[in-house]
Amino acid sequence: MTLFVVRHGRTTANASGLLLGRADPELDEVGREQARQIAAALPRDIDVYASPLIRTQQTAAAISESVTTDDRLIELDYGAFDLRPLSEIPPETWAQWRNDPQFRPPDGETLVELFSRVSSLLDALSSVATERNVAVVTHVSPIKAAMAWALGVGIEVSWRSMVGQASITRIEVSSRGPSLHAFNDTHHLE
């Protein structure tokens, strides 16, 4: 069966190019339409798990009336960088962040910590996903962690990938383990 890893629809913060971690804006009009398009692209009979943030909850609600919330799916904690444009991050800080998975933004979380919590959930969901389709509605950094988990590589790979708004990543799960079948698919968006 398949584990669908879904990025939430757009928010005004996303549209403005801000780093969006634990801040909690709602989907904007475009994001609500993207959520409907995601729902149309996924199988009807699917178990849905989502981050507790409102943008993922709204996206997940478009997919199913029954959603299990799991805190391990929350976005990376950007700490003091949350809701700031990338251009405000000093170049030397940005370089350190990209080169050190143990880098912690002020009052934030490391990529290694994120990978640990996301991997623990995916390990638990793998047994479910061998029998049923599962959708996980989350954010950019947890999706990159899911890709690393499926490929069996370190979280360092996250800086070498891009996750589009309202994209779907598909991981097939079998007794042999996970296998990445599609990454950052946005063909369902009009």
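Our structure is the block above this text.
Starting from 1, residues in each chain are numbered consecutively following that chain's sequence as written. Where local features are concerned, this predicted model is filtered to residues with pLDDT of at least 70; where side-chain atom pairs are given and counted, the filter is 80 or more; whole-chain, interface and lining totals use all residues. Excluded from the side-chain calculations are hydrogens and water; all other atoms, namely the structure's heavy atoms, are used.

## Overview of unusual backbone geometry
1) Next: Residues other than glycine seldom take positive phi values, yet Leu83 does so here, at roughly 65 degrees.
2) Next: Inspection of the secondary structure assignment puts Leu83 in the loop between β3 (67-69) and α4 (91-99).
3) Next: For Asn184, which is not glycine, the phi torsion reads 60 degrees and is therefore positive. Helical segments are the DSSP runs of H or I of at least four residues, strand segments are the runs of E of at least two, and each set is numbered from the N terminus.

## A short note on the environment of Gln102
1) Next: Relative to the helices and strands, Gln102 resides in the loop between α4 and α5 (111-129).
2) Next: As a C-alpha pair, Gln102 and Glu156 span 54 residues in sequence and 9.9 Å in three-dimensional space.
3) Next: Apart from the residues lying within four places of it in its own chain, the contact partners of Gln102 are Thr110 and Val112. Residue contacts follow a heavy-atom distance rule, with two residues in contact if any of their heavy atoms lie within 4.5 Å.

## Quick word on the layout of surface pockets
1) Next: Considering only enclosed or pocket space, the largest pocket measures out at about 540 Å³ in volume.
2) Next: Arg7, Leu19, Tyr78, Val140 and Lys144 are, among the 26 residues lining the largest pocket, the residues nearest its centre.
3) Next: It is helix α6 (residues 140-151) that contributes the most residues to the lining of the largest pocket, three residues altogether.
4) Next: Residues of the lining of the largest pocket, tallied by class, amount to 14 nonpolar, eight polar and four charged. Grid spacing is 1 Å over the protein atoms alone, the probe is 1.4 Å, and a cavity is where that probe fits but cannot get out, while a pocket is an open set with protein on both sides within 12 Å along at least five of seven lines and lining residues have an atom within 4 Å of a point. Grid points are joined across faces, edges and corners, and a volume is the space filled by probe spheres set on the points. Charged residues are taken to be Asp, Glu, Lys and Arg, nonpolar residues to be Ala, Val, Leu, Ile, Met, Phe, Trp, Tyr, Cys and Pro, and polar residues to be all remaining types, Gly included.

## Here we look at the side chain of Lys144
1) Next: Considering the arrangement of structural elements, one finds Lys144 in helix α6.
2) Next: For the buried Lys144, which has no salt bridge, the nearest side chain bearing the opposite charge is Glu75, at an N-O separation of 8.5 Å.
3) Next: Setting aside residues no more than four positions away along its own chain, Lys144 makes contact with Ile155, Ser158, Ser161 and Val163. For each residue, the accessible area found with a 1.4 Å probe, counting protein chains only, is set against the maximum for its type, and the residue is called buried under 20%, exposed over 50%, and partly exposed in between. None of His or the chain ends enter the tally, which takes Lys and Arg as positive and Asp and Glu as negative. Note on definitions: salt bridges are taken to be side-chain nitrogens of Lys or Arg within 4 Å of carboxyl oxygens of Asp or Glu.

## Considering the sheet that holds strand β4 (residues 134-138)
Hydrogen bonding along the main chain pairs the strands of a sheet, whether they run parallel or antiparallel.
1) Next: Reading across from one edge, β3-β2-β4-β1-β5-β6 is the order of the six strands in this open sheet, with mixed pairing throughout. Of all strands in the sheet, those with a lone pairing partner are β3 and β6 (177-185), marking the two edges. Geometrically, the sheet is characterised by an average inter-axis angle of 20 degrees between neighbouring strands, direction not taken into account.
2) Next: Being paired, for any two strands, means DSSP has found at least two bridges between them. Where strand β1 (residues 2-7) and β4 come together, five bridges link them in parallel fashion. Of the residues in β4, the one forming a bridge with Leu3 is Val134.
3) Next: This element, α6, spans β1, β4, β5 (168-174) and β6 of the sheet and lies at about 140 degrees to β6. Axis lines are fitted through C-alpha atoms, for helices just across the contact stretch, and the angle between N-to-C directions can take any value from 0 to 180 degrees.

## Quick notes on the pairing of β5
1) Next: Looking at chain direction, β1 and β5 are connected through five bridges and run antiparallel. Paired with Phe4 across the bridge in β5 is Arg170.
2) Next: As paired strands, β5 and β6 are joined by six bridges and run antiparallel to one another. Bridge pairing in β6 links Ile168 to Asp185.
3) Next: Here β5 folds back onto β6, and the loop between the two strands holds two residues.

## Overview of the pairing of strand β2 (residues 47-50)
1) Next: In this structure, β2 lies alongside β4, joined through four bridges in parallel fashion. Within the sheet, the bridge partner assigned to Ala50 lies in β4 and is Val137.
2) Next: A crossover gets the label right-handed when its path from the first strand over the helix to the second runs clockwise, viewed with the strands pointing away from the viewer. Once you follow β2 into helix α3 (residues 54-63) and on to β3, the crossover reads as right-handed.

## Some details on the environment of Ser158
1) Next: Structurally, Ser158 is set in the loop between α6 and β5.
2) Next: It is 5.2 Å that separates the C-alpha atoms of Ser158 and Lys144, two residues lying 14 residues apart in sequence.
3) Next: In contact with Ser158, not counting residues within four places along its chain, are Leu111 and Lys144.

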